[in-house]
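Observations on the three-dimensional arrangement
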Amino acid sequence: MMSDAVKTVRSTCPYCGVGCQVDMQIHENHITRVDAPFDVAPNFGRLCTKGRYGVDFVSHPSRLTYPMIRKELGVQPRKPVGLSGFRRATWDEALDLAAEKFVEIVQANGGDAVGTFCSAKATNEDNYLFQKFVRGVLGTNNIDHCSRLCHAASVAGLQITLGSSAMSNSIAEMKDLEVLLVTGSNTSETHPVISTFLREAVVKNGARLIVIDPRQIEMSQFAEYYLQLKPGTDVVLFQALAHVIVKEGLVNQEFLDSRVEGLEEYIPTLDPFTPEYAEEICGVPAEMIRQAARLYGKANAAAIYWGMGISQSSHGTDNAISLANLALLTGHIGRPGTGLNPLRGQNNVQGCSDSGGLPNVYPGYQPVNEPEVRGKFEEFWGVSLDPEPGLTTMEMVDAAEQGSIKGYYVMGENPMMSEPDLLHARHVMENLEFVLYQDIFMNETGEYADIILPAVSFAEKDGTFTNSDRRVQLIRPAIHSPGESRPDWEIIQDLALRVEEKLGRDKSVGFSFAAPSEIWDEMAQLTPPFQGINHQRIEKEDGVHWPCPTPEHPGTPYLFSETFPRGKGKLTSLVYRPSVELPDKEFPLILSTGRVLYHWHGGTMTRRSKLDDIYPEALVEIHPADANNIGVDSGEWVKVRSRRGEIESKVLVTRRSPQGTVFMPFHFVEAAANILTLDARDPQAKIPDYKVCAVVVEKR
Amino acid sequence: MNKEKLIQLTIDGKECQVPEGTTLLEAARSLDIKIPVICLHEATTAEGLCRQCVVEVEGWGRLAPSCITPAEEGQVVLTESERVTRTRRTILEMLNASVDISQSPALQAQMERYDADPERFPGAKKRTAEILDDNPFYIRDYSQCILCWRCVQACADDMQYTYALGIGGRGHDSHITTFFDVPLPETTCVFCGNCVGVCPTNALQGKTEFLLEQGLQHNEIRARRRQERQNERRSS
């Protein structure tokens, strides 16, 4: 029998952006069971397999437990090495050396010679402190994180049309929806708990569901209209829906008159996008487009949910704009049950952006190039700040290639699995002068590091995560951290003080925090929408939705009820731009990459958990007709080749994939799908296209 | 359900007012009167299966399952009358005679509270079942299953909308199963474990806890999983 020493700790799930509340049972410093409290938002007792069974990675024996320094320090070009290529170091030695290297680079080349990656898996407090160090001490705005590679296009599209970028509905209202449109989101695998509320709306409460997705995902089984469009033709389909809504008089004239601009210019641009034209381009019957448009247009309230299928595209911003156009035409935004909802991927991707982990904004999306805003931060921190926005993730890769970026600081991210065109991205890393890596595990990015700093997991520290509907929630220490590992915020603080000292700064910008709650308080002081939130209040209320400007403010469950941040919503004209790389004779199939239920991102966590037992290897999903042409069956091996590289994988023959399109998850290093993907970026959001490139599949 | 109209009734001598449509159980709870339940769970639909929540309504010939009986104007309700406690005791004794409830602290506490005799039905046929260990996440030991249906409800329209679990057999042979009795990985199951989260006994139990109870250490459990996976790969 288990010993009596079992305790239960309430925390927030470390996987996706739903932000499920969990009760973790701890026995002998291991998480033995995870339950969900039934009376607490957002999940009300529901969990998915990752939250309930996938958190055992925290006790994996391969956790990093002490600082390490590369044995062949300074040898160029650097080669990726495993842990045997590193030697153990003390914290003092590792931090002093890291500080020295940063100071060298900054003094010789300026702060902009450093590129930094903060983490959508770390807390708001970790990220606030990270960007404070990067901006206030290193003196650069070169800070970004993985949201660039996931929802950057949603952010850009919603900025253009509304002036804001967060999800407009709360998870709590999902079950009461009337009409919902889910597109580019395999919700039941990537946001499983949200998918249960959407299904509840349909099955129990009579909501009507439209699913628009190239893959016949599980949610399509609950749909009244399932529009299986060809990959990359999204803009045409959404514009055709808008076309029908306008032609059939389903617009909300009152809403257009009072809250929308750009109508006169926009309407004529819809003319070419007839349902018949869309049928030709997208492969969806014109009549079904009409019916779906009528359902959405005539609804009293309708909400749109989307995921990576919309944003991870070389026309991702256009995709998001075309969805916003639909909501603005019909007035399906700003009321309960309406809205535009990009479902956030990482547990704290919303919070990492909120906390200033972006190259162009301070916490709370306050632009770095607005003198008044910058002045506020300069005064508070006591330092002059860079007025120019910094580089995005992939621009940092370019800058490193050109030599203007000399050093990387990577905290809790794995760009060497998640960047597109990996072989190129890896090559770029070989020529950096210095790489500092801070994480809980060694991963593909850490193999390029000079110094490795061991951080602690979500189960070993406190702080806050902000979920997809802007709910700020607590995490709490449940187990002891292994070895000498330390919380990210402590590491950053210690490093920052050393860099300041070596730079000869006479006054620190402020790194003397005793607890994450103090870090939050400083951020809130500088960020009006957070000013009503602190750790004690979250503790009392389980979670608070920002914007929440005062302690008396209840928090904001849905946005835009009166006005949009940019004033009026802006209808925006679009043209159809086909995907950058389309199939041809040599590469006849479209490759779409994505995720599966049992794994997460680069696999650093899930592949070290029980989840790997049920889904232990990559599978490339192929339609039966394509499989027949290639001459393979489920379980057999194939080579998948693109113009960039080649990988091997087993096959899963399934009708989930449309004919002509193969699907691969990107979680598996031994079959890293991003070796195949291409570095074609959305012009506005700079997000790469992970959903459409051309490949050939051959029997091995 | 019309929540506007208020209903007046008396429970255990205390007056209370509740909106129309409120069940007797909810009404009692509003007075801080705790009626014991077995099958009911806050996340699943009340079905009135176990009858442990029965109460005596003045003038009614039979006892009323309070979880599904709406309160009515002027009712006089007793939640712990002699007849009620005798019924609850018998329910527990029958349950204990047919299923292994030793690993359910909540049911053990009720056995004690109602002074139930574990030996009341010595000749009864106890449910037996092999432990089903067909996935990496949880085991199913239906010898501990009290047929509360919560797992089936959680898997279907009360939580998950996945419909992997159902009920097979009839009468005494009723049991929770998958369609055609296939192993869970061959069903629509997505291993959310929401069924495990509502199971009142250890009929559904996380594999980690199960193996710890078997005496394994945490590192052995991890190593064992790895080993099993390698064996599986070799055999395929």
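Residues numbered from 1 in each chain as written. Chains lettered and ligands numbered in written order. Predicted model: local features only at pLDDT ≥ 70, side-chain atom pairs only at ≥ 80, totals over all residues.

1. So, the overall build of chain A
Looking only at helices and strands, chain A features 23 helices and 28 strands. Since a compact globule built from 700 residues should have a radius of gyration of about 27 Å, the 24 Å found for chain A is in line with a globular shape. By its C-alpha atoms, chain A is 70 × 65 × 60 Å across when sized along the principal axes. Every one of the 700 residues in chain A was classed for burial, and the buried ones make up 62%. (Helix = DSSP H or I, 4+ residues; strand = E, 2+ residues; numbered from the N terminus. Rg over C-alpha atoms; globule rule 2.2 N^0.38 Å. Buried ≥ 20, exposed ≤ 12 C-beta atoms within 10 Å, placed from the backbone.)

2. Digging into the packing of helix α7 (residues 234–247) of chain A against helix α10 (residues 275–282) of chain A
Residue and element names in this part refer to chain A. Direction vectors running N to C along α7 and α10 enclose 165°, while the axes themselves pass 9 Å from each other. One way to sum up the angle between α7 and α10 is to call them roughly antiparallel. The crossing of α7 and α10 is left-handed. Between α7 and α10, the residues in contact are V236, L237, A240 and V244 and P275, A278, I281 and C282, respectively. (Axes fitted to C-alpha atoms, helices over the stretch in contact; angles between N-to-C directions. Parallel < 35°, antiparallel > 145°, perpendicular 65-115°, else oblique. Left-handed = near helix turned anticlockwise from the far one by under 90°. Contact = placed C-beta atoms within 7 Å.)

3. Overview of the domain arrangement of chain B
Residue and element names in this part refer to chain B. Per the domain assignment, the segments making up chain B are domain 1 (6–80) and domain 2 (138–235). The gap between the C-alpha centroids of domain 1 and domain 2 is 33 Å. Along the lines of polarity and charge, the residues of the side of domain 1 that touches domain 2 split into five nonpolar, three polar and one charged. (Domains from an automatic or database assignment. Nonpolar A, V, L, I, M, F, W, Y, C, P; charged D, E, K, R; others polar.)

4. Topic: the environment of A:G463
Residues and elements named next belong to chain A. Along the polypeptide, G463 turns up in strand β19 (residues 463–466). Taking the C-beta count within 10 Å as the criterion, G463 has 28 such neighbours and is therefore assigned buried. Expressed as a C-alpha distance, the spacing of G463 and P477, which sit 14 residues apart in the sequence, is 9.3 Å. Those residues within four positions of G463 in sequence are excluded, and the remaining contacts are T123, N124, E125, D126, I475 and P516.

5. A short note on the pairing of strand β3 (residues 30–35) of chain A
Residues and elements named next belong to chain A. Of all six residues that make up β3, five are buried, and the element is covered over most of its length. Relative to β3, strand β2 (residues 21–27) runs antiparallel, the two being bridged by five bridges. The partner of D23 across the bridge, within β3, is D35. Counted along the chain from β2 to the antiparallel partner β3, the turn is two residues long, and its residue E28 has a positive phi close to 50°. (Pairing = 2+ DSSP bridges.)

6. Focus: the sheet that holds strand β1 (residues 6–12) of chain A
All names here are of chain A. Here we have three strands laid out as an open sheet, ordered β1-β2-β3, and antiparallel in their pairing. Two strands lie at the open edges of the sheet, namely β1 and β3, each paired on one side alone. Averaged over neighbouring strand pairs, the angle between their axes works out to 30° when direction is ignored.

7. Remarks on the environment of B:T201
Residue and element names in this part refer to chain B. Counting through the fold element by element, T201 comes out in the loop between α5 (194–198) and β9 (204–206). Sequence separation between T201 and S102 is 99 residues, and the spatial gap between their C-alpha atoms is 8.4 Å. Not counting the four nearest positions on each side in its chain, T201 is found in contact with I101, Q103, S104, Q144, C145 and I146.

8. Some points on the domain arrangement of chain A
Residue and element names in this part refer to chain A. Along its sequence, chain A is carved into domain 1 (6–59), domain 2 (68–146 + 348–545), domain 3 (152–343) and domain 4 (589–699). Placing the centre of domain 1 and that of domain 2 at their C-alpha centroids yields a distance of 26 Å. On the side of domain 2, 20 residues touch domain 1, which itself brings 18 residues to the contact. Mapped onto the side of domain 1 that touches domain 2, the elements with two or more residues apiece are β1 and β2.

9. A few points about the interface of chain A and chain B
With 28 residues of chain A at the contact, the number on the chain B side is 24 residues. Among the elements of the structure, β3, α1 (49–53), α6 (192–203) and α22 (611–614) of chain A are those that each provide at least two residues to the side of chain A that touches chain B. The biggest single contributor to the side of chain A that touches chain B is α6(A), with five residues. Taken together, the residues of the side of chain A that touches chain B break down into 12 nonpolar, six polar and 10 charged.

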